[in-house]
Amino acid sequence: MPSDCLFCKIIAREIPAEIVYEDDGTLAFLDIHPINPGHTLIIPKRHSDSFAVTPPEDVAAVMRAAQTLSPAILKAVGADAFNFTANNGRAAGQLVFHTHFHFMPRFAADGYKMWHGPEGDHHLSDVAAKIRAALA
Ligand code: 5GP
Ligand code: ZN
């Protein structure tokens, strides 16, 4: 574990957090700056810097934990919808470089907006071709 990793310190109980769930591979705790009540961070216990370099078994453990937690969080805060996402890289808003997924309960009147791309020519076939080539 990197000695300066905030979330590793939460796992090690060196920094306090409102932990709501734990199993062998994952920990879940409330985000200190929630966008809504119940905003929870779900993380693998094994350190990785971000989603793209996280071992698939750790990703799977986080997904399992999210499915276990989902009904409990929604019941606790009276929500019936949520966003579940990971910010990857600084340009995407990642501030803590220990892989984490945000589980964010949503309410119809909470005012948050989703992204909507602008109209226009997005060169979809060119972009798709580049992605397929990069996979080859
Ligand atoms: P990111 O922007 O990296 O996807 O999200 C990091 C999240 O960690 C932020 O939503 C931020 O509020 C949360 N966070 C930062 N420091 C702490 C902390 O010390 N404790 C807890 N519980 N959450 C934190
Ligand atoms: Zn870490």
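Source: prediction; values computed, not measured.

A. Spotlight on the site of ligand 1. Taken together, 16 residues lie near ligand 1, and Asp31, Gly93, Leu95, His100 and His102 sit nearest. Contact between ligand 1 and Ile32: a nitrogen atom at 3.3 Å from a main-chain N or O atom of the residue. Measuring from an oxygen atom of ligand 1, one finds a side-chain N or O atom of Asn87 at 2.9 Å. Taken by itself ligand 1 offers 520 Å² of open surface, and the protein chains cover 84% of this. At the level of elements, helix H1 (6-11) and strand S2 (26-30) are the ones that each hand at least two residues to the shell around ligand 1. Top element by residues in the shell around ligand 1 is H1. It accounts for 3 residues. The residue inventory of the shell around ligand 1, partitioned by class, reads 9 nonpolar, 6 polar and 1 charged.

B. A look at the sheet that holds strand S1 (residues 19-22). What the 5 strands build is an open sheet, ordered S1-S2-S3-S5-S4; its pairing is antiparallel. Only two strands of the sheet have a single neighbouring strand rather than two, namely S1 and strand S4 (81-85). Pairwise comparison of adjacent strand axes, ignoring direction, gives a mean angle of 20 degrees for this sheet. Of the pairings in the sheet, the one linking S4 to strand S5 (residues 101-106) comprises 5 bridges and is antiparallel in character. Bridge pairing in S5 links Phe84 to Phe103.

Rules of the game
- Counting starts from 1 at the beginning of each chain's written sequence and moves along it residue by residue.
- Lettering for chains starts from A, numbering for ligands starts from 1, and both go in the order in which the items are written.
- Reporting in this predicted model follows two pLDDT cut-offs: at least 70 for local features of residues, and 80 or more for side-chain atom pairs to be given and counted; totals over whole chains, interfaces and linings ignore these cut-offs and use all residues.
- The side-chain figures draw on all heavy atoms in the structure; neither hydrogens nor water molecules are used.
- Consider each residue's heavy atoms; a residue with any of them within 4 Å of a molecule or strand counts as near.
- Identification of polar contacts relies on pairs of N or O atoms within 3.5 Å, with a donor-acceptor requirement for protein atoms, meaning one able to donate a hydrogen and the other able to accept it, and with residues adjacent in sequence counted only if both atoms are side-chain atoms.
- Note on areas: Shrake-Rupley, 1.4 Å probe, and residue coverage restricted to the protein chains presented here.
- Comment: elements are numbered from the N terminus, with helices defined as DSSP H or I runs of at least four residues and strands as E runs of at least two.
- Put simply, Ala, Val, Leu, Ile, Met, Phe, Trp, Tyr, Cys and Pro go in the nonpolar bin, Asp, Glu, Lys and Arg in the charged bin, and everything else, Gly too, in the polar bin.
- Following DSSP output, two strands are said to pair if at least two bridges run between them.
- A fitted line through C-alpha atoms represents every axis, and for helices the fit uses only the stretch in contact; the resulting angles, taken between N-to-C directions, go from 0 to 180 degrees.

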